[in-house]
Amino acid sequence: MLDGKKSLFSGMQATGTITLGNYLGALKNWVDIDKDEYMCFYSVVDMHSITVRQNPAELRKRARSLLALYIAAGLDPEENCIYYQSHVSAHAELMWILNCFTYMGEMNRMTQFKDKSKKHPENINTGLFTYPVLMAADILLFQADVVPVGIDQMQHLEITRDIAQRMNKIYGDIFTIPEAYLGKVGTKIMSLQEPTKKMSKSDENPNAHILLLDEPDVIMRKFKKAVTDSDACIAYSEDKPGIKNLLDIYCAVTGSTVDQALAEFDSMGYGALKKRVGEAVVEELRPIQERYQDLMKNKDYINSIIKNNAEKANYYATKTLRKVQRKVGFPDRIR
Ligand code: TRP
């Protein structure tokens, strides 16, 4: 709890523009969260991004672009604390302390570490290894009650809870134990080229994903090329992953139920279905893209958001950090 509200924390990596999958699975649902009930922190987690090699100028650009996209997608930056992780040094400081309460064996079990090490065998750095501890620091700094995360991050949330419980046992209650946010569950959007795989911005085939800033004709073309199957029958079923994914996207974007969508597409061919889904996505993204372009032109406005929200995040983060530093036995600051 923070100032009488439940605390909610989430973040996205600043690597590449986000996909339709990130938007429908996360961002779109964040916009609907009741701001009277929750104090929300949405971080652009740029410190996590350097666990894989980044071009500095690109990283800076992408971080700003993601921050603007949060706002363009509908997160009001007065009501939600939208900030860069790297502007709040308490993340790194708390991480150090948490590192000393996390076991090698626990980190060794993390499946994302194993996957990423395979993907970047030339750069298996210790940051990649301890990445879940930084994530734990993000969450615990803000005493988050809830964390909206996808299934792929559940293991990291579990470890966060374990570390928090371990420290609470030793020092008394320092941390709120966070839970996964089970509000409206975001739709899991799959690759347009291999619909049994999650849509991912790191996919090398650009036709596999829709990026939030893709132009309308690019979006239409990617849907046109979407992989389906050879039955020519529109049905919602696990053994028709391509069609199921298109229907999921359509429903997530328009708010229709699967039954409504099936009725609408009754007796239509796959080509027509792809066109309708493409058009619905273009319409959904159009206002976001327009707001994004406006925001990116308005440098002073974005800068003021960055500054004010970093101050707000720093205020809450420092409060937790000082409490933890005192508990573990660091000397008091002399003022
Ligand atoms: N690790 C998350 C991801 O890659 C991003 C993230 C970092 C995060 N810190 C977080 C998500 C804290 C939720 C809460 O998707």
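Residues numbered from 1 in each chain as written. Predicted model: local features only at pLDDT ≥ 70, side-chain atom pairs only at ≥ 80, totals over all residues. Heavy atoms only, no water.

Enquirer: I'd like a rundown of the site of the ligand, residues and numbers included.
Expert: Close to the ligand lie 13 residues, the nearest being F9, Y131, M135, D138 and Q153. Take D138: an N or O atom from its side chain is 2.7 Å from a nitrogen atom of the ligand. Starting from 370 Å² of accessible surface for the ligand in isolation, the protein chains cover 89%. Per-element accounting of the shell around the ligand gives the leading share, four residues, to helix 7 (residues 126–141). For the shell around the ligand, the class distribution of residues is seven nonpolar, five polar and one charged. (Near = heavy atom within 4 Å. Polar contact = N/O pair within 3.5 Å; in protein donor to acceptor, adjacent residues only side chain to side chain. Areas by Shrake-Rupley, 256 points an atom, 1.4 Å probe, with all protein chains shown as cover. Helix = DSSP H or I, 4+ residues; strand = E, 2+ residues; numbered from the N terminus. Nonpolar A, V, L, I, M, F, W, Y, C, P; charged D, E, K, R; others polar.)

Enquirer: Describe the domain arrangement of the protein, listing the residues and the values that go with them.
Expert: Taken domain by domain, the protein consists of domain 1 (6–182 + 299–328) and domain 2 (206–294). Centre-to-centre separation of domain 1 and domain 2, based on C-alpha positions: 31 Å. Facing 13 residues of domain 1, the contacting portion of domain 2 comprises 15 residues. Across the domain 1 to domain 2 interface the summed buried area is about 1,200 Å²; carbon plus sulfur atoms make up 73%. For the pair domain 1 and domain 2, the interface holds one salt bridge. In this structure, K28 and E284 form a salt bridge, with 3.0 Å as the shortest nitrogen-oxygen distance. The tally of links from domain 1 across to domain 2 stands at six residue pairs in polar contact (both at pLDDT 80 or more). For the side of domain 1 that touches domain 2, the elements supplying multiple residues, two or more each, are helix 1 (20–31) and helix 3 (56–72). Of the residues contributing to the side of domain 1 that touches domain 2, the split by class is eight nonpolar, four polar and one charged. (Domains from an automatic or database assignment. Contact = heavy atoms within 4.5 Å. Buried area = accessible area lost by both parts, 1.4 Å probe. Salt bridge = Lys/Arg side-chain N within 4 Å of Asp/Glu carboxyl O.)

Enquirer: For helix 9 (residues 216–224), give the residues involved together with the corresponding values.
Expert: Of all the positions in helix 9, only V218, I219, K222 and F223 are classed as buried. End-on view of helix 9: buried residues confined to an arc of 130 degrees, all on one side of the axis. Among the exposed residues of helix 9, those oriented more than 90 degrees off its buried face are D217 and K224. On its buried face, helix 9 is in contact with helix 1, helix 10 (241–254) and helix 12 (270–297). (Buried < 20%, exposed > 50% of the residue type's maximum accessible area, 1.4 Å probe, protein only. Arc of directions from axis to C-beta.)

Enquirer: Account for the pairing of strand 1 (residues 6–12), with residues named and values stated.
Expert: Counted residue by residue, strand 1 has five buried out of seven residues, so it is predominantly covered. One ladder, built from seven bridges, connects strand 1 with strand 2 (residues 38–44); its direction is parallel. Bridging across to strand 2, S10 finds its partner in Y42. (Pairing = 2+ DSSP bridges.)

Enquirer: How would you explain a negative patch on the surface if you had to name every residue and give the values?
Expert: On the surface, D34, D36, D76, E78 and E79 cluster together into a negatively charged patch. Relative to the helices and strands, D36 resides in the loop between helix 1 and strand 2. Judged by relative accessible area, D36 falls into the exposed class, the value being 67%. (Patch = residues over 30% accessible without salt bridge, like charges linked within 9 Å, V, L, I, M, F, W, Y side chains within 5 Å. Lys, Arg positive; Asp, Glu negative; His and termini not counted. Charge placed at Lys NZ, Arg CZ, Asp CG, Glu CD.)

Enquirer: Account for the packing of aromatic side chains, naming residues and giving values.
Expert: Evaluation of the coordinates by the stated rule reveals eleven aromatic pairs. Ring geometry for F101 and Y171: centres 5.9 Å apart, planes at 75 degrees, overall edge-to-face. Of this pair, F101 sits in the loop between helix 4 (90–99) and helix 5 (104–108) while Y171 sits in helix 8 (residues 154–171), and the two are 70 residues apart along the sequence. Exposure remark for F101: the relative accessible area of 16% places this residue in the buried category. A ring pair is formed by Y250 and F265, whose centres lie 4.9 Å apart and whose planes are at 70 degrees; its orientation type is edge-to-face. Placement of the pair is Y250 in helix 10 and F265 in the loop between helix 11 (258–264) and helix 12, with a sequence separation of 15 residues. (Phe/Tyr/Trp six-rings, centres within 6.5 Å; stacked < 30°, edge-to-face > 60°.)

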